[in-house]
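# Descriptive structure summary
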Amino acid sequence: IALAVPLLLLFGALNAWGFLLIGRVCVETEQPSYVGAWTSTLGPRLAALPAVASLLLCSTAAIACATVIADTGTDLLAALFALPAADVSRTAVLFGCAASVLTPLCLLPSLAPLGTASYFGVAGVLVTALCMIARLADGTYDATDAAALADAGAAAAEAAGGGAGGGGGGLGSLPS
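### Some remarks on unusual backbone geometry
- Its identity as a non-glycine residue notwithstanding, Glu-30 has a phi of 55°, on the positive side.
- Along the chain, Glu-30 turns up in the loop between α1 (4-29) and α2 (34-42).
- Within the chain, Ala-82 stands out as a residue other than glycine whose phi angle is a positive 55°.
- Residue placement: Ala-82 occurs in the loop between α3 (49-80) and α4 (90-106).
- Under the relative-accessibility criterion, Ala-82 is labelled exposed at 69%.

### Digging into the pattern of salt bridges
- All told, the structure shown has one salt bridge when counted by the stated rule.
- Where Asp-71 meets Arg-90, a salt bridge forms, and the shortest distance between an N and an O atom there is 2.7 Å. Remark: Arg-90 occurs in helix α4 and Asp-71 occurs in helix α3; sequence separation between them is 19 residues.
- Here Asp-71 falls in the partly exposed class, since its relative accessible area comes to 32%.
- For Arg-90, a relative accessible area of 40% gives the class partly exposed.

Reading the values: rules and limits
Residues numbered from 1 in each chain as written. Predicted model: local features only at pLDDT ≥ 70, side-chain atom pairs only at ≥ 80, totals over all residues. Heavy atoms only, no water. Helix = DSSP H or I, 4+ residues; strand = E, 2+ residues; numbered from the N terminus. Buried < 20%, exposed > 50% of the residue type's maximum accessible area, 1.4 Å probe, protein only. Salt bridge = Lys/Arg side-chain N within 4 Å of Asp/Glu carboxyl O.

Spelled out as structure tokens, the structure:
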């Protein structure tokens, strides 16, 4: 935490400074967009570079999000139905989530109704952070406890028939 908080503040400040500079360039070049400012400053030959950079950023974020959805969904379904995590297909979970949740959201004419859900998302992140801070304060994350948790997870995976670590990890291998 002693390193994470200053790094978080540093990266937030650098991000804010970057946006401030982009805004200043847009004002000075009298362009309404970043791409327009880029084109008027560096020429049309490099005009596609910001769009390509944004595309790469969004693509890597989408891959990370899909990974989290697939892994979390697999672990939740495995725990819910008392199955080994290896028996729940990550691909099926990801396609099921895309078909039942993401596709209908993409077809909405406006995302304004999701504004309330955003507040719940922020509240969920805050509750998770508070729980993690409480567990850190009560010693749950001590190194000796981590070894005990790893041994309990291996024992639970063994009891579930997955062997040592064969349960796929995650929620499916947590002791109940």
